[in-house]
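Topology and contacts: notes
Okay, here's what each chain looks like letter by letter:
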Amino acid sequence: MTWTGLETFDTTVQKADIWLKEIMMELNTDSRRIAYMALRSVLLALRDRLTVDEAADLGSQLPLLIRGIYYDEWVPSRNPIKDRHLDEFLARIQERYNGETDIKAMTKAVFKVLRHRVTEGEIKDVKGMMPDELKELWS
């Protein structure tokens with residue numbers, strides 16, 4: 001099926017839809033909007049937690065459409081934001097999400113999809129930049 005007539009755009013929409021469906025499955029929801037907001041909120045908080053170089057490394061592995069979401073509103077000079085505690089990190093996600101979902105479960109769902117879709121080496125690098133409290137979200 002073609003939406004735009006441009007293979008690159010159609011392919012990236014299809015890839016983004018696969019990511020959203022995986023998040024929907026993890027969250028046990030049929031709402032693409034909830035999955036999108038979860039993905040966006042978690043990706044932006046994660047991006048801001050990483051160094052500029054590591055944020056760019058992770059971004060390079062995301063599908064084009066999701067990469068656009070990831071870089072939206074980014075101010076690299078603010079990176080990294082050093083959330084040391086789980087509650088701080090989850091609060092930053094909640095600020096962007098504004099929904100009635102278990103933020104910790106939502107974050108774990110997005111991280112699970114990242115683990116499935118991004119190379120193991122990159123996930124190892126990302127986790128290596130996080131304090132132990134935040135690494136538990138990847139399990």
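The notes below deal with the structure included here. Note that the coordinates shown come from a computational prediction; the quantities given were computed from them, not determined experimentally.

Let's shift gears to the pattern of salt bridges. Evaluation of the coordinates by the stated rule reveals twelve salt bridges. Put simply, Lys21 and Asp17 hold a salt bridge, and the shortest N to O gap is 3.3 Å. In this pair, Lys21 and Asp17 are both assigned in helix H1 (residues 7-27), four residues apart and thus about one turn of the helix distant. Here Glu136 ties to Lys104 by a salt bridge, and the two come within 2.9 Å at their closest N and O atoms. One end of the pair, Glu136, is in the segment after helix H8 (132-135); the other, Lys104, is in helix H6 (residues 103-117), with 32 residues separating them in the sequence. One network of salt bridges, with partners in common, ties together Arg47, Asp48, Asp83, Arg92 and Arg96.

A few words on the packing of aromatic side chains. Counting across every chain of the model gives four aromatic pairs. Seen from their ring centres, Phe111 and Trp138 are 3.9 Å apart, and the 10° between their planes marks the pair as stacked. Of the two residues, Phe111 sits in helix H6 while Trp138 sits in the segment after H8, which places them 27 residues apart along the sequence. Here the two residues Phe111 and Trp138 agree in accessibility, since each one is buried. Put simply, the rings of Tyr70, Tyr71 and Trp74 pair up and form one aromatic cluster.

A few words now on helix H5 (residues 86-97). Compared with the 16 Å implied by 1.5 Å per residue over twelve residues, the 16 Å span of H5 between its first and last C-alpha is a close match. Contacts made by the buried residues of H5 are with helix H2 (32-49), H6 and H8. Of the residues one or two after H5, Asn98 is the one with positive phi, at around 55°.

Structurally, the position occupied by His116 is in helix H6. The exposure class assigned to His116 is exposed, which follows from its relative accessible area of 54%. Between the C-alpha atoms of His116 and Trp19, which are 97 residues apart in sequence, the distance is 9.7 Å. A distance of 3.1 Å separates polar atoms of two side chains, one belonging to His116 and the other to Glu22. For His116, the side chain forms a polar contact with the side chain of Arg117, separated by 3.5 Å.

Quick notes on the rules
Residues numbered from 1 in each chain as written. Predicted model: local features only at pLDDT ≥ 70, side-chain atom pairs only at ≥ 80, totals over all residues. Heavy atoms only, no water. Salt bridge = Lys/Arg side-chain N within 4 Å of Asp/Glu carboxyl O. Helix = DSSP H or I, 4+ residues; strand = E, 2+ residues; numbered from the N terminus. Phe/Tyr/Trp six-rings, centres within 6.5 Å; stacked < 30°, edge-to-face > 60°. Buried < 20%, exposed > 50% of the residue type's maximum accessible area, 1.4 Å probe, protein only. Expected span 1.5 Å × (residues − 1). Contact = heavy atoms within 4.5 Å. Polar contact = N/O pair within 3.5 Å; in protein donor to acceptor, adjacent residues only side chain to side chain.

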